[in-house]
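# Summary of the model geometry
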Amino acid sequence: MTNFLVVTAMGVDRPGLVSKLARLASDCDCDIVDSRMALFGNEFTLIMMLSGSWASITKIESLLPSLSVELELMTVMKRTSKHTPQNYLSRLEVRFTGKDQRGTMKRITQFLADRSLDLAAVRSFSEELDNGEQTQTISLTINIPEKVELEKLEKSIYQLSEEMALDCTIRRMEGTTSRNDRG
């Protein structure tokens with residue numbers, strides 16, 4: 001039986017961190033079935049899902065803490081099960097851009113939660129333009145269940161973006177694009 005472990009590691013960024021963590025997984029006879037790495041400021045962050053036998057997962061659980069100390073990383077581990085994807089009618093990629101405003105992410109994610117929509121991915125960042133203005137970009141991937149009317153949902157997303165004075169682009173994963181940029 002295959003066992004699964006999610007590992008999160010965070011610390012000051014320096015060369016070789018991913019290599020050392022991947023080597024430990026390999027040495028413990030674990031496979032990396034999914035991973036994401038990002039830099040936030042000077043901080044390195046890695047999330048990976050490992051699979052392996054019970055003994056392999058137990059081995060990495062016992063060896064990772066000492067490697068974490070050696071690499072000066074903060075790590076968290078949690079056993080889990082294989083992800084079982086839901087059957088969704090479609091997916092939307094939604095991108096909001098505009099002036100950086102406090103509370104934007106809260107409002108967008110509350111909008112999705114109020115409609116019981118499944119958020120599959122989120123990426124947000126802000127940057128300062130040459131004129132000193134702070135802008136933000138929020139990209140979302142949303143799984144759409146059958147009961148949701150796609151056109152009605154898109155219209156309400158555009159309405160939200162107008163209320164927040166943000167530009168919004170919606171792309172249907174099936175290839176159809178719907179677009180409404182504020183001018």
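Cut-off values and rules
- Residues numbered from 1 in each chain as written.
- Predicted model: local features only at pLDDT ≥ 70, side-chain atom pairs only at ≥ 80, totals over all residues.
- Heavy atoms only, no water.
- Patch = residues over 30% accessible without salt bridge, like charges linked within 9 Å, V, L, I, M, F, W, Y side chains within 5 Å.
- Areas by Shrake-Rupley, 256 points an atom, 1.4 Å probe, with all protein chains shown as cover.
- Salt bridge = Lys/Arg side-chain N within 4 Å of Asp/Glu carboxyl O.
- Helix = DSSP H or I, 4+ residues; strand = E, 2+ residues; numbered from the N terminus.
- Domains from an automatic or database assignment.
- Buried < 20%, exposed > 50% of the residue type's maximum accessible area, 1.4 Å probe, protein only.
- Contact = heavy atoms within 4.5 Å.
- Polar contact = N/O pair within 3.5 Å; in protein donor to acceptor, adjacent residues only side chain to side chain.
- Core = buried A, V, L, I, M, F, W, Y, C linked by side-chain atoms within 4.5 Å.

For the rest of this paragraph, the subject is a nonpolar patch on the surface. Among the surface-exposed residues, Val18, Met37 and Leu39 lie close enough to one another that they form a single nonpolar patch of about 250 Å² accessible area. Positionally, Val18 belongs in helix H1 (residues 17-27).

Take the domain arrangement of the protein next. Domain boundaries in the protein define domain 1 (1-78) and domain 2 (86-172). Between the C-alpha centres of domain 1 and domain 2 the distance comes to 31 Å.

What follows is about the environment of Leu50. Structurally, the position occupied by Leu50 is in strand E3 (residues 43-52). Judged by relative accessible area, Leu50 falls into the buried class, the value being 0%. For the pair Leu50 and Glu72, spaced 22 residues apart in the sequence, the C-alpha separation amounts to 21 Å.

Tracing the backbone through its elements, the reader meets Ser68 in helix H2 (residues 54-71). The class of Ser68 is buried, set by a relative accessible area of 5%. Excluding residues within four positions of it along the chain, Ser68 makes contact with Leu73 and Thr75.

Within the element layout of this structure, Ser56 appears in helix H2. Look at Ser56 and you get buried, because its relative accessible area is 8%. A distance of 3.5 Å separates the side chain of Ser56 from the backbone oxygen of Asp29, its partner in a polar contact. Looking at Ser56, its side chain comes within polar contact range of the side chain of Ser53, at 3.0 Å.

A separate point is the nonpolar core. If you look at the biggest cluster of nonpolar residues, it comprises 21 residues, and the most contacted ones within it are Leu92, Val94, Phe96, Ile144, Leu153 and Ile157. For this core, the secondary-structure elements that each account for two or more residues are strand E5 (90-99), helix H3 (104-114), strand E7 (134-144), helix H4 (150-163) and strand E8 (167-172). The element best represented in this core is H4, accounting for five residues. For Val94, the residues in contact, after removing those within four places along its chain, are Ile138, Ser139, Leu140, Ile142, Ile157, Cys168, Thr169 and Ile170. Grouped together as the second largest cluster of nonpolar side chains are 19 residues, Leu5, Leu24, Ala25 and Leu64 included.

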